[in-house]
Amino acid sequence: MWPFSAERPRDPMPGQRKPPTARDRALGAQLKSVRNKQTTLSLEAAAALLGWSSATMSRTENGKRHISAEDVASVLAVYRVPVTQRDALVRRAKSIDEPGWWSRPLPGVPDELSVLASYEAEARALTDWSITLIPGLLQTYEYAKAYMRDVGVSTEDMEMFWMARLRRQQTLPKVEYTAFIGAAAVRTPFGGWDVLIAQLKHLVEMSKRGIGIRLVPEYTPRAGLYHPWLLLEFPDSSAIAHVELLRGGMFLHDPEVDRYIAQRAKLHKIALTTAESRDILGKLIEQREGRR
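Residues numbered from 1 in each chain as written. Predicted model: local features only at pLDDT ≥ 70, side-chain atom pairs only at ≥ 80, totals over all residues. Heavy atoms only, no water.

### Comments concerning the overall build of the protein chain
Link 1 in the chain: Secondary structure summary: the protein chain contains 11 helices and 6 strands in total.
Link 2 in the chain: Counting the 292 residues in the protein chain, one finds 52% classified as buried.
Link 3 in the chain: Residue pairs in contact within the protein chain that sit at least 24 positions apart in sequence constitute 74% of those at least 6 positions apart.
Link 4 in the chain: Carbon and sulfur atoms provide 54% of the accessible area of the protein chain, an area that totals close to 14,400 Å². (Helix = DSSP H or I, 4+ residues; strand = E, 2+ residues; numbered from the N terminus. Buried < 20%, exposed > 50% of the residue type's maximum accessible area, 1.4 Å probe, protein only. Contact = heavy atoms within 4.5 Å. Areas by Shrake-Rupley, 256 points an atom, 1.4 Å probe, with all protein chains shown as cover.)

Have a look at this one:
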């Protein structure tokens, strides 16, 4: 018996579905990861079990069609995934569709950030790695504006970008968060030295509140740590890695995300402790303020 309805889902008629978005690319990649990692089904075999065409299955896994929560439930039932994992992924699909600030696109803000915000709101743990820039979840207003100006964000879009970033920052008190920050980032004065000093003071304050802020010293061997990323871990489903691009980003899933989990272990070994990092930040602040 079909576990969710009397009939198996069929290919939708043209015009019945919403156009695909970034959230569909993310969901599709997760479903593909589950099929490859937890079943022996080929794409064609999975499509046959669902009553879909192979083309529909391919578009689903590649995020080229809108994926409803019912689609996710049906696919995972066919894959016979554990109930807790299935419920978590279905809940995630529903939460992305539910009204929330990230479901109302902000003008000029890439839709990938809306998907990222919804994932951050559900995550149990976040790990940031940033080489030459303070991570967005820790940026102050003036620092963020200076960086956005440097990369060419228009004045009209700047406030919207900041609004999205500020709302994402509201997740921090609710999640286990660790930021690994390259030493170059705390010495690069986006917006000038006064802006950087205020940013460093903010990092010290956040560290005192229990946010994990760990500096990675210069000249430390860091093979493989060539670009910034955010690792998101969830209570009942596989981790996701988000790789930041100039005006957006991309999501990675199993098996690609395993490499980022390994890199996180390397960062834990080479980074300074939170207390050591806070001490260095304090000394940097004293040095710069002494030169005023």
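The rest of the description comes next.
### What about the pattern of salt bridges?
Link 1 in the chain: Going through the model one piece at a time under the given rule, you end up with 10 salt bridges.
Link 2 in the chain: For R124, the salt bridge is made with E233, and the minimal N-O distance between the two is 3.8 Å. A residue pair is termed long-range when its members are at least 10 positions apart, and R124 in the loop between α6 (111-122) and β1 (125-130) and E233 in strand β4 (residues 229-233) qualify at 109 residues.
Link 3 in the chain: Exposure remark for R124: the relative accessible area of 41% places this residue in the partly exposed category. (Salt bridge = Lys/Arg side-chain N within 4 Å of Asp/Glu carboxyl O.)

### Some remarks on unusual backbone geometry
Only a minority of non-glycine residues have a phi that is not negative, and only a minority of peptide bonds are not trans.
Link 1 in the chain: With phi around 55°, R80 is a residue other than glycine that occupies positive phi space.
Link 2 in the chain: Topologically, R80 is positioned in the loop between α4 (69-79) and α5 (83-97).
Link 3 in the chain: You can call R80 exposed: its relative accessible area is 75%.

### Re the environment of E61
Link 1 in the chain: Among the secondary structure elements, E61 is positioned in helix α3 (residues 54-61).
Link 2 in the chain: Each C-alpha atom, one on E61 and one on A29, is 5.6 Å from the other, the two residues being 32 residues apart in sequence.
Link 3 in the chain: Once residues lying within four places of it in the same chain are set aside, the contact partners of E61 are G28, A29, K32, R35, L43 and Y79.
Link 4 in the chain: Side chain to side chain, E61 and R35 meet in a polar contact 2.6 Å long. (Polar contact = N/O pair within 3.5 Å; in protein donor to acceptor, adjacent residues only side chain to side chain.)

### Quick look at helix α10 (residues 256-270)
Link 1 in the chain: Over its 15 residues, α10 runs 22 Å from end to end, which matches the ideal 21 Å to within 8%, given 1.5 Å per residue.
Link 2 in the chain: Taken residue by residue, α10 has V257, Y260, Q263, R264 and L267 as its buried positions. Looking straight down α10, one finds that the buried residues subtend no more than 110° of arc, so they occupy a single side. Seen from the buried face of α10, the exposed residues on the opposite side, beyond 90 degrees, are R259 and K269. (Expected span 1.5 Å × (residues − 1). Arc of directions from axis to C-beta.)

### Structural notes on the side chain of T60
Link 1 in the chain: As for its position among the elements, T60 is in helix α3.
Link 2 in the chain: Under the relative-accessibility criterion, T60 is labelled buried at 1%.
Link 3 in the chain: Looking at T60, its side chain comes within polar contact range of the side chain of R65, at 2.6 Å.

### Describing the pairing of strand β3 (residues 212-216)
Link 1 in the chain: With 5 of its 5 residues buried, β3 lies for the most part within the structure.
Link 2 in the chain: With burial as the criterion, each face of β3 is covered, one bearing G212, R214 and V216 and the other bearing I213 and L215.

### Re the packing of aromatic side chains
Link 1 in the chain: One pass over the full model with this rule turns up 6 aromatic pairs.
Link 2 in the chain: When the centroid spacing of 5.5 Å and the interplanar angle of 80° are considered together, the rings of Y119 and F251 count as edge-to-face. Of this pair, Y119 sits in helix α6 while F251 is found in strand β6 (residues 248-252), placing the two residues 132 residues apart along the sequence. F251 matches Y119 in its accessibility class, with the two residues each being buried.
Link 3 in the chain: With 5.5 Å between their ring centres and 85° between their planes, Y147 and F190 make a pair best called edge-to-face. Residue Y147 is located in helix α7 (residues 141-151), and its partner F190 is located in the loop between β2 (176-182) and α9 (193-208); the two are separated by 43 residues in the primary sequence. Note on accessibility: Y147 and F190 belong to one class, buried.
Link 4 in the chain: The ring of W52 has R65 sitting right over it, with the charged end atom 5.0 Å from the ring centre. (Phe/Tyr/Trp six-rings, centres within 6.5 Å; stacked < 30°, edge-to-face > 60°. Lys NZ or Arg CZ within 6 Å of the ring centre and 35° of its normal.)

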